[in-house]
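# An overview of the molecular structure
What follows is each chain in one-letter form.
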Amino acid sequence: MEFDLVINGGRVYLDGKFSACNIGVAEGRVAALTPEPLRARMGGTSLDAVGRLVYPGTIDTHVHFRDPGRTDKEDFGTGTAAAAAGGVTTVLDIQNNIPLTTDVDVARAKLDEIAPKARVDFGIYGSVGVQNLDRLAGMADHVVAYKAFMTKSVGPLTVTDLGDLSKAFIALRGLGRVFTIHAESDAIVQVAKEGLPDHIASHVKSRPRVAEWVAVAEALELCREYRVPLNIPHISTGRAAMLVGRAKEEGLPVSGATCAHYLHFTDDDVVAGGAEWKVNPPIKFAEDREILLQAVKSGVVDHVHSDHAPHTREEKSKNFNAVPSGIPGVQHQLPALLDLAASGRIGYEDVGRLLCDGPARAFGLRAGRLYAGSPADIVIVDPAAETVSSPSDLLSKTGHSIWCGRRVRGAVERTILKGVTVWSRSDGLRESVRGTRVAAQV
Ligand code: NCD
Ligand code: ZN
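Everything numeric here is computed off the predicted structure, so don't read it as measured data.

## Focus: the coordination of the zinc ion (ligand 2)
Coordination sphere of the zinc ion (ligand 2), protein contribution only: K147 (NZ), H182 (ND1) and H234 (NE2), at 2.1 to 2.6 Å. A relative accessible area of 1% means that H234 is categorised as buried.

Following this line, the structure appears as structure tokens:
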């Protein structure tokens, strides 16, 4: 067999565990997975992966790029470049650009705009608001999922009333798409934020843990009633993870995700770091972090995404109240999880489950798995490399990240899309191949 690319000597994440295995790629697909050493055709590429871990390209189910409309903050080219550098070969992009994706015409126009810029595969969410409940079903062929905000975050669209939220569930019934809900209770946030001083320490008080507990409980009960597959993203509290775990045990069609910042940091880091660390939901307490670590290890929380929010350094350096919430992170989820694995908090297999098969299963994507015939979307990592990320490494337009200046054990070495290297640690970004739109079916 003629291989365009071979990867020899690595330990490959296959069906939940690592196997000593060589990979042969032909015409953008995995053509051989074998313990036998493989040779590339004349003019092909041969990679030595001895000492390396080889994962399927990872999936980030929750990024907020800003294309179209706010491409001064992030366009699809820069956002997906950062994704590629982070080992991500599929991103699912959510509103906070202009216009919001509220109907099929906007969805179509957005897809036309972003497709030529995409350096990795992509899908988009439909935005759910009180105003567009009658237009949700019409977008189904163009979106991979839908998203609603139960309280205001950065974007203008919310569904704060439970009656309206139940109407959204009814509108999404039978479409075969996941409903993602930003679950913080508006009523509780409105009360909690009264009279707090203009200081970063106020953030976690203004959006307290109980706001997430109550909203997650409400969303789960609506899922129980209406049976629309539900995703609770960016879980920040231990108790919310436990509620999702219990709902799964009861057989509800629900998935739960958290972000690397909730697994690594606590309120102390936020207060020390200042407004750059302002994010919704706020980073919580040491006890939440411990439960979340257990929850990702046990699978109660089934995947990790970035919630990448590309606010500029200038926007992030205002007074706390004026600073927009959100952290750029699409480039850092895999390194951050490798670091947790290096310290034994989770296993290297867990990293694959949380970034590859977990998100694929949750959203019904045909990605995140390597098998004979699968797309050759592959990431090679060096678990032994110690890296300290700096602003010059960042491919997002933001030029800053809470991950900069931190020692992380484990580094992305090469990201391969459809058999072609799109980014490597030695050569950076390659102008090689475009991402394509993915389909979802749950
Ligand atoms: C995000 C953003 O700015 O896009 N911010 C955040 O704090 N998570 C998304 C959001 O509005 O919640
Ligand atoms: Zn959100």
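## Concerning the nonpolar core
By size, the foremost hydrophobic cluster in this structure holds 93 residues, and its most contacted members are V91, F169 and F179. The greatest single-element share of this core, amounting to 7 residues, is contributed by helix α6 (residues 209-226). Sequence-distant contacts of V91, that is, excluding residues within four places in its chain, are made with D60, V63, F65, F76, T80, A83, V120, D121, F122, G123 and V330. Among the nonpolar cores identified, the runner-up in size contains 16 residues, and L5, L14, V54 and A376 belong to it.

## Considering the sheet that holds strand β7 (residues 53-56)
If you trace the 7 strands from one edge of the open sheet to the other, you get β3-β2-β7-β16-β17-β18-β19, paired in mixed fashion. The two strands at the open ends of the sheet, each matched to only one other strand, are β3 (17-20) and β19 (428-429). Note that strand β17 (residues 407-417) and strand β18 (residues 420-424) share 4 bridges and pair antiparallel. If you follow L417 over to β18, its bridge partner there is V420. Relative to β18, helix α1 (residues 76-85) is tilted by about 90°, and along the sheet it contacts β17, β18 and β19. Against the sheet, helix α12 (residues 333-342) contacts β7, β16 (378-388) and β17, and its axis sits at roughly 130° relative to β17.

## Remarks on the pattern of salt bridges
The final tally for this structure, using the stated rule, is 30 salt bridges. Between R119 and E431 there is a salt bridge, with its nearest N and O atoms 2.8 Å apart. One end of the pair, R119, is in the loop between α2 (104-114) and β10 (121-127); the other, E431, is in the segment after β19, and 312 residues separate them in sequence. Given the relative accessible area of 63%, E431 is considered exposed. As a salt-bridge pair, E184 and R207 come within 2.8 Å of each other at their nearest N and O atoms.

## Remarks on the site of ligand 1
In the vicinity of ligand 1, 14 residues are found, and the nearest of them are N96, S153, N280, D307 and H311. In the model, a nitrogen atom of ligand 1 is placed 2.8 Å from a nitrogen or oxygen of the D307 side chain. One of the backbone nitrogen or oxygen atoms of G326 is found 3.2 Å away from an oxygen atom of ligand 1. Here ligand 1 loses 100% of its free accessible area of 310 Å² to cover by the protein chains. By residue class, the composition of the shell around ligand 1 is 4 nonpolar, 8 polar and 2 charged.

So, how was this worked out
- Residues numbered from 1 in each chain as written.
- Chains lettered and ligands numbered in written order.
- Predicted model: local features only at pLDDT ≥ 70, side-chain atom pairs only at ≥ 80, totals over all residues.
- Heavy atoms only, no water.
- Donors = N, O, S within 2.8 Å, 3.2 Å for Na, K, Ca; no water.
- Buried < 20%, exposed > 50% of the residue type's maximum accessible area, 1.4 Å probe, protein only.
- Core = buried A, V, L, I, M, F, W, Y, C linked by side-chain atoms within 4.5 Å.
- Helix = DSSP H or I, 4+ residues; strand = E, 2+ residues; numbered from the N terminus.
- Contact = heavy atoms within 4.5 Å.
- Pairing = 2+ DSSP bridges.
- Axes fitted to C-alpha atoms, helices over the stretch in contact; angles between N-to-C directions.
- Salt bridge = Lys/Arg side-chain N within 4 Å of Asp/Glu carboxyl O.
- Near = heavy atom within 4 Å.
- Polar contact = N/O pair within 3.5 Å; in protein donor to acceptor, adjacent residues only side chain to side chain.
- Areas by Shrake-Rupley, 256 points an atom, 1.4 Å probe, with all protein chains shown as cover.
- Nonpolar A, V, L, I, M, F, W, Y, C, P; charged D, E, K, R; others polar.

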